[in-house]
Amino acid sequence: MRVHQAYRYALAPTTEQAHALASHCGAARFAFNWGLGLVKAALDQRAAEKTYDVPEELLTEIPWSLYGLRRSWNAAKGTVAPWWTDNSKEAYNTGLDGLARALKSWAASRTGTRAGTKAGFPRFRSKHRAALSCRFTTGTIRLETDRRHVTLPRLGTIKTCESTRKLARHLERGTGRILSATIRLAGGRWLVSFTCEVDRPDRVPARPDAVVGVDLGVKALAVLSTGEVIDNPKHHRAALRTLRKLNKQLARRTGPRTPDGGRREASARWHKAKAALGRAHARVVNQRRDGLHKLTTRLAGSYGTVVIEDLHVSGMLANRRLARAVADVGMGEVCRQLGYKTGWAGGRLVVADRWYPSSKTCSGCGAVKAKLALSERTYVCARCGLVVDRDLNAARNLAALAARYEHDVAQSCGETQNARRGAVRPGVRAGHAPVKWELPSGRTLRRKPEAV
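Residues numbered from 1 in each chain as written. Predicted model: local features only at pLDDT ≥ 70, side-chain atom pairs only at ≥ 80, totals over all residues. Heavy atoms only, no water.

Engineer: Can you help me understand the overall build of the protein in this one?
Structural biologist: Of regular secondary structure, the protein possesses 12 helices and 16 strands. Taking all 452 residues of the protein together, the buried fraction comes to 41%. Within the protein, counting contacts between residues at least 6 apart in sequence, those at least 24 apart form 64% of the total. If you sum the accessible surface of the protein, you get close to 25,200 Å²; carbon and sulfur atoms cover 51% of it. (Helix = DSSP H or I, 4+ residues; strand = E, 2+ residues; numbered from the N terminus. Buried < 20%, exposed > 50% of the residue type's maximum accessible area, 1.4 Å probe, protein only. Contact = heavy atoms within 4.5 Å. Areas by Shrake-Rupley, 256 points an atom, 1.4 Å probe, with all protein chains shown as cover.)

Structure follows, in structure tokens:
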């Protein structure tokens, strides 16, 4: 099975190499801002020409695509950026490509062809707030034979903080190919990510016929239909005391803003305090990412079918009482990781509809409660008298939901190994079936929920 997979490594550059890395990222930001200024000027000129009834074919051309932006950049780079030879051409292409994608998203959002939150018109990237990132797609991109160094275009050979043997083995066997490399500054550390095309062996979960329902929450990170409860480590909550202390230290330093809102040169201690705060936040992110990866890997490798809910995470984040706790869990990241890991492990992911009443439904008799307050942590069925934990009841309902439609999937595509690999993406609207299957042939199977 050939998949696209990323390998990320921390770099240990010298002082000169760190300056070169920052220069490439700054060049990408400069090209983005230059292209955006060119597009806005062309839009204003085009609007003015329309007021004079200029024919459509004579209006000013707008460099909207990546090809048009690169052509304009190559014609003007000697004037607007005489120092452009100091960096790789890929740095400027990174900024222009990001602008072209942003313009395309904005246009698609306006016409309604882009799903999700509406994308706004691109804005200029600030030198002090923009993320430092640059992507290389051509040139010398390789891993050195000692597995402790990587080579990038114009940047040369840079030492890594860890061994690159996992990716090096794929390259040596011929089962992997590097497509691109992206450098990024995160938490005070330079990182490089290699996007690769890798041949992964076909796998089968440890229990291919087993079904597990996963109910994500705040009190517990996840409750499985088997009765297992995965505790929520609450990494951000544990680090709040340290984060508050570092924020106060940063506020006492001489920052880049004056009390009246003007600009000034920030002190060295302000930069030091800001770097310490960034490292503290990065530690929380890494701890959360490590725990979620371990959980999703274990679920995908143990069960043939994993059932989760299509949670409205952005809506939960709008609740100011729950926003911090919900963000600390990373529910959306769990769904994203399960989406590709179940396919890699030879399993199947089932996503229940967002409006499926998994918590209100009795896992014993199927009765549905009209209302169930969030404070009620124990589910008590008035029909059969079942008393069970609320989250465990929801997890059992999710597992039963997959078993209910097992017969329909078998009739549609056959009970084959490929049928269990179909990953399901969230996005079922209200009024549709409580579960959506994505079949290997591209066809989908939906059924209306049974009347209660």
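Engineer: Honestly, the nonpolar core in this entry has me stumped. Any pointers?
Structural biologist: Side chains of nonpolar character tend, in soluble globular proteins, to be buried together. Counting 41 residues, the largest nonpolar core has L152, L167, I183, V192 and F194 as its most contacted members. Among the elements that take part in this core, helix α1 (residues 15-51) stands out by supplying nine residues, more than any other. With residues up to four places along the chain from it excluded, the contact list for F194 reads Q5, A6, Y7, Y9, I141, L143, V150, L152, L167, I178, S180 and A181. Among the nonpolar cores identified, the runner-up in size contains 21 residues, and L216, L224, V306 and I308 belong to it. (Core = buried A, V, L, I, M, F, W, Y, C linked by side-chain atoms within 4.5 Å.)

Engineer: Can you walk me through a positive patch on the surface in this structure?
Structural biologist: Together, R148, K159, R165, K166, R169 and R173 give the surface a local cluster of positive charge. Along the chain, R148 falls in the loop between β3 (142-143) and β4 (149-152). (Patch = residues over 30% accessible without salt bridge, like charges linked within 9 Å, V, L, I, M, F, W, Y side chains within 5 Å. Salt bridge = Lys/Arg side-chain N within 4 Å of Asp/Glu carboxyl O. Lys, Arg positive; Asp, Glu negative; His and termini not counted. Charge placed at Lys NZ, Arg CZ, Asp CG, Glu CD.)

Engineer: Looking at this model, I keep getting lost on the sheet that holds strand β1 (residues 2-10). Mind explaining?
Structural biologist: Strands pair in a sheet through their backbones, by hydrogen bonds, and they do so in one of two ways: parallel or antiparallel. Strand order in this open sheet of four strands is β1-β7-β6-β2, and the pairing throughout is antiparallel. The sheet terminates laterally at β1 and β2 (133-136), the two strands that pair on one side only. In this sheet, neighbouring strand axes are inclined to one another by 20 degrees on average, regardless of whether the strands run parallel or antiparallel. Taken together, the nine bridges between β1 and strand β7 (residues 189-199) define a ladder with antiparallel strand orientation. Its bridge partner lying in β7, R8 is registered against S193. Of the strands in this sheet, β2, β6 (176-186) and β7 touch α1, which is tilted by about 90 degrees from β2. (Pairing = 2+ DSSP bridges. Axes fitted to C-alpha atoms, helices over the stretch in contact; angles between N-to-C directions.)

Engineer: What should I look at first to understand the side chain of N393 in this one?
Structural biologist: Within the element layout of this structure, N393 appears in helix α11 (residues 390-404). Of the residues examined, N393 reaches a relative accessible area of 0% and is grouped as buried. A distance of 2.9 Å separates the side chain of N393 from the side chain of S363, its partner in a polar contact. Aside from chain neighbours lying at most four places away, what touches N393 is S358, S359, T361, C362, S363, Y379 and V388. (Polar contact = N/O pair within 3.5 Å; in protein donor to acceptor, adjacent residues only side chain to side chain.)

Engineer: Looking at this model, I keep getting lost on the packing of aromatic side chains. Mind explaining?
Structural biologist: Scanning all chains against the criterion turns up nine aromatic pairs. For the ring pair W64 and W106, a centre distance of 6.0 Å and an interplane angle of 45 degrees mean the geometry is tilted. One end of the pair, W64, is in the loop between α1 and α2 (66-80); the other, W106, is in helix α3 (residues 89-111), with 42 residues separating them in the sequence. Its relative accessible area of 26% is what places W64 among the partly exposed residues. What makes W106 buried here is its relative accessible area of 18%. (Phe/Tyr/Trp six-rings, centres within 6.5 Å; stacked < 30°, edge-to-face > 60°.)

Engineer: Where do I start with the environment of A102 in this structure?
Structural biologist: Considering the arrangement of structural elements, one finds A102 in helix α3. Taking C-alpha positions, A102 is 9.5 Å from R123, a pair spaced 21 residues apart along the chain.

Engineer: Teacher, can you tell me more about the packing of α1 against α3 here?
Structural biologist: When two helices pack together, you describe them by how their axes are tilted relative to each other and by the distance separating the axes. α3 packs onto α1 with a crossing angle of 45 degrees between their chain directions and a minimal axis gap of 7 Å. Between α1 and α3, the crossing angle belongs to the class labelled oblique. Considering how the two elements wind past one another, α1 and α3 form a crossing that is right-handed. Contacts between α1 and α3 involve H24, A27, A28, A31, F32, G35, L36 and V39 on the former and, on the latter, A91, Y92, T94, G95, L96, G98, L99 and L103. A class-by-class count of the residues in the contact of α1 with α3 yields 11 nonpolar, five polar and no charged. (Parallel < 35°, antiparallel > 145°, perpendicular 65-115°, else oblique. Left-handed = near helix turned anticlockwise from the far one by under 90°. Nonpolar A, V, L, I, M, F, W, Y, C, P; charged D, E, K, R; others polar.)

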